[in-house]
Amino acid sequence: MSEVIIAKNLSKSYESVVREKGLKGAVKSLVSKKTKTIQAVNDISLSINKGEIVGYVGPNGAGKSTTIKMLTGILKPNQGSVQICGIDPFKNRTENAMNIGVVFGQRTQLWWDLPISETYELLRRMYQINDKVYKQNLNDFIEILELETFMSRSVRQLSLGQRMRAEFAAALLHNPKVLFLDEPTIGLDIEVKKNIRKFIKRINDERNVTILLTTHDMKDIEELSSRIVVINHGELIFSGDSQQMSKKFDAKKTIICHLSELVFEEQINLSEYRKQGIQINIDKYSIIIKIDATLPVSGLISKLIEQFPIVDIDIQGPLIEDIVMEAYHV
Amino acid sequence: MGVKHYFKLWIIFLSCNLQSKISHKLDFILGILATIFMQGCSFIFLWSIFSQIDVLSGWSFYEISILFGYISIANGLEEIFLNGTWELPGIYIRRGELDRLLTRPVNPLFLILANCMELHGVGSFLFGIVIMLHSFMQLGASLSFVNILFVFISIISSTVIFFSINLITGTLSFWVTDSMPAMVMVQRLNQLGQYPINIYNKVVKFVLTWVVPFAFVSYFPADFILNSNMLGLFSPIFACVFFFLAYSFFKLSLKRYESAGG
Amino acid sequence: MYKSFKATMLKYKALTSCKIQETMTFRFGFFTSFIASLVQSFVMLYVWNEVFSQKQTIMGFDKSQMLTYLVVSQCLNAIYGWYNATERNISARIKSGDIVLDLVKPINFNFARFYEGIGMTIIQIIFSGCVLLLFIVFNPSVATPTSFMHFIAFLLSAFFGYVCMFSISLITGLLSFVISGYWGLYYLKKAIIDLLSGALIPIGLLPLVLQRFADYLPFKNIIYTPTMIYMGRISINEIVKQMSIQVIWAFILWQLCKYFYRIMIRRVTINGG
C-alpha cells in the first residue's frame, strides 16, 4: 500500500510573549517585550497510507494544530520533513494544494452573502476543475448531502448543519487525494453528526480519499478511524488501531452483577482475583468487576453465578473516551 | 497558472464581490456618499481658504484641485480593486484566515486582493474625475493625445503607489501585533499630497517624495502637466520600482510567517 | 442610597479601568492612534502658514490666533477623534450577537457605554492636555485662555460638547441595526461633523450656505463653541447663550439615544439577537 502522508521527525518551537497581570503589567509591556520559547511539536513521525482514515487526538495545546499546519504546508518545521503524495507541501505549495482539501470546523470558506453555488463556481475556476468532473461531483454531492433544499439561499441564512454539508462539498469538488478535517462535527446536532460521518465513510469508500481527522468527539474516532494517533505535550504517545490501544493503555471492561441478597467482602477471595489482574468491588447489592478489555469473561461470570444470587448483569466495554484519557495522562 | 487563468479567476471574484455588496443596498449607498463627502469636505476647506486668497505657494485654486483630483482618484481605485491589504492585519493574520489561503493553488496576495473589493470607492473616484476634468477645462489645458495618455497612465501609477504604501504598512502586521493603526496613520498622510509640497519643510518634502511617496501620487504628475517638471514624467517608473519593493517585503514577511507560525 | 450610588460608581469604574487596560494592550496602536489625528493638524498648520505669509488677517484672525484656534480645536477633536471605538464596538457586538450579553447585565446600557467611552478617552484627554500645554509653553503664538473664568467656561463647554459628540456616536452605533456595517454611516457622519463642528476650519470661514447649516445643527457645539470661549472671542452674554444651546442639544441628543436604544431593544427581542 502506498504511503500518502509521510512525516519524519517533525519539530517546531514558538516564541511566545510573556506579560504580567493588571494595569502595571500592561504599562510595562508597552516598553519591554519578554518572550518564552515553547516546544510545540517534538520529533513526531507519522505515516498514513492511501485510503486510511486516521483520527488525530490530543488535549488542547498538545500540538495538534501545529502538526496539521506543518502537514498542510502552512507552517515550516524547524526540523524534519513532510511529503504528501510525494510532494513537499512547503516547497511545492501550488502542486500540493491541488491534492489536498481542508475543512475547518469553526471557519467557513463559503461567501457569506451569496448562495453556495457561487462559491462552487469560484472554486471550479480556482482549481481549474474539468467541466465534466465538476458537474459529476456537484450532482453527486447535491444528492448525497441533500444540498438541493437550500442551494439558492445565501450562506448566512443556513443552519450550522447545512453549512457544514456545503463545506464538505466545497472541499471535495476538486477531487483531492487527501482530506484534512479539523473538528468537522463541532457544534452539530446528533443527526447531522451521524450524516456527516456517513458521508465521510462513503467518500472514503468510493473515492479512496485519505483522511486525517482531528477531533475531540470520540464517537467520530470510534465510527470512522481505522487508526488512532495520540499526541500530548508535542510528542507522539501512540499510533495504532483501537485494539492495540486498548491493550497498551490497560483498558478495562466493567461488569456489574446485580444481586438479590446482600454480599460481603469476606465471601469473595479478592486477593486471588487481584493476582489475575481482576479488580473486584463490593457495593451492597452489586459486585463491580474491572477486567482487562481483551480477556474473555464467560468463565468468570459462570463461576460467580454458581457462588452468588445474581439476577442481572451489565457489561460495559471500554469507552474510547476512557482509553484516550488514559493516554493523555501518560 | 498563466495570466489568462488569473484573469478569468479575477472576473469571477469581481462578480461575487458585486453580488455581495449590492445585496446590502443601504450600506452600499451610504458608503458611496461617505467617500464623496470625505473628499468633498477637505475640498471645501480648500475652497474656504481660496475665498480669502488667490494663490497658494504659486498654485491657483484649479491647479491645486488637480492635486485633490489625483488623490481622490487613486484613493477610489485602490479601494475598489486593491483594498484587500486592509484586511491583512485583522482577518488574515490575527484571525488566521491567511492559513487557508496558503492551502490554495493560487498566489496568496492575489486572493487577498480579489476577495475584497470595496465598491464604495466609486464615490471617491467619480469625485476626483469630476474635479479633475472641471479644473483642466478651467485652466484651458490642451486636450492633446499625449496629455490625455499621460493623465491616464499617471492615474494608474498613482493608484499603484497608493496601494504599495498600504501593502507595506499592512505587511508590518506580520511583525507587530496589529499594524492597523499604522496603516491608517500612514494612509492619512495622503492628505499632505493634496497640497503643493513646497509649503512643507525640507524633511517633510523628503519623506513625501522618497519614503511615503504621496508626492508621486499627485504633485509630480500634476507638476509635469502644468509646469513641465520632468520628474513627473518618471512617476510610472517610480511606481513600478516601488511596487516591486513593497511586494518583495510582502513575500519576505510571508516566508517568516510560515517559519515562525504567526 | 449612598451605598447603591457607590456600588454603581464602582461598577462603572471597573468598566473604565478595563477599557484603559484594553486600550493599552495594543502597544503600537496606542501610540499611533493619537499621532494619526495630528496629521490633519499638520496639514492645516502648513497651509495656514502659507496663507498668512500673504495676508495679515483672515476674517479677524491673525496668524497666532489662527494657530491657537488650530491647536485647541485639534486637541478637542483628538479626544473624540477618529479612533472612537464606541460605534465600532456596538456595531461589532451587534453583528456577533454579543450585544445580548450587554443587554442582560444590570447596568443601564447607555450609561455603561458612556463610562466605557470615558475610559477610552481618558488617555487621549491626558495626551491632548499635554500637547496643548507643550504648545503653550514652547510656542508664544499659542495663547492661554483669556481668563480663569474663561478657562472654566471652556472646560464646561468642552464637557457638554463631549456629551453631544458621544450621543451622536452612540446613536450611530445603535443605527447599525438597520445597516449591516457601520463604515459608511460613520465616515459620512465624521466628514460632515468635521466640517460643521469647526474642527476643520472656523465656522465663520465656511461658505455662507454652510454657515447657516452649522447654526441649526448641534455640531457647532462640539468644537467651535468651546474653542471660541477659550479664545475669549465671545462676550459673556454670548457665552451663556451658547452654553445654554449646548446643554439643550446635549439633552436632546441624550434623549434621542434613549429612544434609539428602545427601538434597538424591540428589534433584538423580535429578531432574537
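The rules behind these values
- Per chain, residue numbering runs from 1 following the sequence as it is written.
- Numbering of ligands from 1 and lettering of chains from A proceed in the order in which they are written.
- Note on the predicted model: pLDDT of at least 70 is required for a residue's local features to be given, and 80 or more for side-chain atom pairs to be given and counted; whole-chain, interface and lining totals, by contrast, use all residues.
- Strands are runs of DSSP state E lasting at least 2 residues, helices are runs of H or I lasting at least 4, and numbering of each runs from the N terminus.
- Based on C-alpha atoms, the radius of gyration is set beside the globule rule, defined as 2.2 Å times the residue count to the power 0.38.
- In this scheme the burial state of a residue depends on its C-beta neighbours within 10 Å: 20 or more other such atoms mean buried, 12 or fewer mean exposed, and anything in between means partly exposed; the C-beta positions come from the backbone.
- All axes are obtained by fitting lines to C-alpha atoms, using only the stretch in contact for helices, and the reported angles, taken between N-to-C directions, cover 0 to 180 degrees.
- When an angle is under 35 degrees it counts as roughly parallel; over 145 it counts as roughly antiparallel; between 65 and 115 it counts as roughly perpendicular; any other value is oblique.
- By definition, turning the near helix anticlockwise from the far helix through less than a right angle yields a left-handed crossing, and turning it clockwise yields a right-handed one.
- For the purpose of contact definition, each residue receives a C-beta atom placed from its backbone, and two residues are in contact when these atoms lie within 7 Å.
- Residues are grouped as follows: Ala, Val, Leu, Ile, Met, Phe, Trp, Tyr, Cys and Pro are nonpolar; Asp, Glu, Lys and Arg are charged; every other residue, Gly included, is polar.
- Think of it this way: DSSP has to see at least two bridges between two strands before they count as a pair.
- Expected span of a helix: the number of residues minus one, times 1.5 Å.
- Values of pLDDT, the confidence the predictor places in each residue, fall between 0 and 100.
- Any nonpolar core is a set of buried residues, restricted to Ala, Val, Leu, Ile, Met, Phe, Trp, Tyr and Cys, that join up through C-beta atoms within 7 Å.
- By convention here, the domain bounds are inherited from an automatic or database domain assignment.

A.B. asks: Looking at this structure, I do not really get the overall build of chain B. What am I missing?
C.D. replies: Across its full length, chain B carries 12 helices and zero strands. In chain B, the succession of helices and strands from N to C terminus is α-α-α-α-α-α-α-α-α-α-α-α. The globule rule puts the C-alpha radius of gyration for 262 residues at 18 Å, and the 19 Å found for chain B is close to it. For the C-alpha atoms alone, the extent of chain B along its principal axes is close to 55 × 40 × 35 Å. Counting across all 262 residues of chain B, residues that qualify as buried make up 49%.

A.B. asks: Would you mind showing me how to read the packing of helix H2 (residues 25-50) of chain B against helix H8 (residues 183-196) of chain C here?
C.D. replies: Axes are the key here: two packed helices are described by the angle between their axes and the distance separating the axes. With their axes 7 Å apart at the nearest point, H2 of chain B and H8 of chain C run at an angle of 25 degrees to one another. The orientation of H2 of chain B with respect to H8 of chain C, classified from their angle, is roughly parallel. The interaxial crossing formed by H2 of chain B with H8 of chain C has left-handed handedness. Residues Asp27, Leu30, Gly31, Leu33, Ala34, Phe37, Met38, Cys41 and Ile44 of chain B of H2 of chain B form the contact with H8 of chain C, whose own contacting residues are Trp183, Gly184, Leu185, Tyr187, Leu188, Ala191, Ile192, Asp194 and Leu195 of chain C. Taken together, the residues that form the contact of H2 of chain B with H8 of chain C break down as 14 nonpolar, two polar and two charged.

A.B. asks: Please explain unusual backbone geometry as it appears in this structure.
C.D. replies: Residues other than glycine predominantly adopt negative phi, and peptide bonds predominantly adopt the trans conformation. Located in the positive-phi region is asparagine 208 of chain A, a residue other than glycine, with phi close to 55 degrees. Residue position: asparagine 208 of chain A is located in the loop between helix H7 (190-207) and strand S7 (210-214). One non-glycine residue with positive phi stands out, namely serine 57 of chain B, at about 55 degrees. Looking at where serine 57 of chain B falls in the secondary structure, it is placed in the loop between H2 and helix H3 (61-81).

A.B. asks: Is there a simple way to think about the environment of isoleucine 22 of chain B in this case?
C.D. replies: When you line up the elements, isoleucine 22 of chain B lands in helix H1 (residues 3-22). For isoleucine 22 of chain B and leucine 119 of chain B, which are 97 residues apart along the polypeptide, the C-alpha to C-alpha distance reads 9.2 Å.

A.B. asks: In this structure, what is going on with the sheet that holds strand S13 (residues 310-316) of chain A? I would like to understand it.
C.D. replies: Sheets are built from strands that pair by backbone hydrogen bonding, the pairs being arranged parallel or antiparallel. Residues and elements named next belong to chain A. One open sheet accounts for four strands, arranged S11-S12-S10-S13; its pairing is antiparallel. Sheet topology places strand S11 (279-283) and S13 at the edges, where each strand pairs with a single neighbour. Strand-to-strand twist in this sheet, taken as the mean axis angle between neighbours without regard to direction, amounts to 15 degrees. Two strands pair when backbone bridges link them, and S11 and strand S12 (residues 286-292) are joined in this way by five bridges, in the antiparallel orientation. Looking across to S12, one finds that aspartate 283 is bridged to serine 286.

A.B. asks: Mind showing me how you'd approach the packing of helix H7 (residues 148-175) of chain C against helix H10 (residues 220-230) of chain C here?
C.D. replies: All names here are of chain C. Contact geometry for H7 and H10: axes closest at 8 Å, N-to-C directions at 180 degrees. As summarised for this structure, H7 and H10 are arranged roughly antiparallel, according to the angle between their axes. Packed against H7, whose contacting residues are His150, Ala153, Phe154, Ser157, Ala158, Phe160, Gly161, Cys164 and Met165, the element H10 presents Asn221, Ile222, Ile223, Thr225, Pro226, Ile229 and Tyr230 at the interface. Tallied by class, the residues present in the contact of H7 with H10 amount to 11 nonpolar, five polar and no charged.

A.B. asks: Hey, could you run me through helix H7 (residues 121-139) of chain B in this one?
C.D. replies: Given 3.6 residues per turn, any residue in an α-helix points the same way as the ones three and four places further on. All names here are of chain B. Under the 1.5 Å per step criterion, the end-to-end length of H7 is 27 Å for 19 residues, consistent within 8% with the ideal 27 Å. Within H7 the residues assigned to the buried category are Gly121, Gly123, Ser124, Phe125, Phe127, Gly128, Ile131, Met132, Ser135 and Phe136. Residues of H7 that are buried sit in contact with H2 and H3. Looking at the residues trailing H7, positive phi occurs at glycine 140, about 70 degrees.

A.B. asks: Sorry, what's going on with the confidence of the model for chain B here?
C.D. replies: Where the model shows low pLDDT, its predicted coordinates should not be examined in detail. Across chain B, the average pLDDT comes to 90, with 99% of residues at or above 70. Ranking the elements of chain B by mean pLDDT puts helix H9 (residues 180-188) of chain B last with 83 and H3 of chain B first with 94.

A.B. asks: What is the right way to read the environment of valine 51 of chain C from this model?
C.D. replies: Here valine 51 of chain C shows up in helix H2 (residues 27-52). Taking the C-alpha atoms as reference, valine 51 of chain C lies 29 Å from histidine 150 of chain C; in sequence the two are 99 residues apart. The contact partners of valine 51 of chain C, leaving out residues within four places of it in the chain, are Ile49, Ile53 and Leu56 of chain B together with Ile58 of chain C.

A.B. asks: Sorry, what's going on with the nonpolar core here?
C.D. replies: As a rule of thumb, soluble globular proteins bury nonpolar side chains together. Of all hydrophobic cores here, the largest spans 204 residues; its most connected members are Ile5 of chain A together with Leu67 of chain B. Examining the composition of this core, we find that 12 residues originate from one element, H7 of chain C, more than from any other. Residue-level mapping places this core at the junction of two domains, with at least three residues from each of domain 1 (3-240) and domain 2 (251-328) of chain A. Filtering out sequence-adjacent residues up to four positions away, isoleucine 5 of chain A remains in contact with Leu46, Ile48, Leu71, Ile84, Val178, Thr210 and Leu212 of chain A. Cys257, Val263, Ile287 and Ile289 of chain A belong to the second largest nonpolar core, which has seven residues in total.

A.B. asks: Would you mind going over the sheet that holds strand S3 (residues 53-57) of chain A with me for this structure?
C.D. replies: Residues and elements named next belong to chain A. Within the open sheet, the six strands sit side by side as S5-S6-S7-S3-S8-S9. Their pairing is mixed. Each end of this open sheet is capped by a strand with a single partner; those strands are strand S5 (100-104) and strand S9 (235-240). The average undirected angle you get between the axes of adjacent strands in this sheet is 15 degrees. Sheet analysis places strand S6 (residues 178-182) next to S7, joined by five bridges and oriented parallel. By the bridge assignment for S7, leucine 181 is matched with leucine 213.

A.B. asks: Before we go on, may I ask you to explain the interface of chain B and chain A in this structure?
C.D. replies: For interface size, the figure often reported is the accessible area lost on association. Each side of the interface is counted separately: chain B has 20 residues, and chain A has 25 residues. For the side of chain B that touches chain A, the secondary-structure elements that each account for two or more residues are H1, helix H5 (98-101) and helix H12 (235-260) of chain B. The leading source of residues in the side of chain B that touches chain A is H1 of chain B, at eight residues. For the side of chain B that touches chain A, the per-class residue count stands at eight nonpolar, seven polar and five charged.

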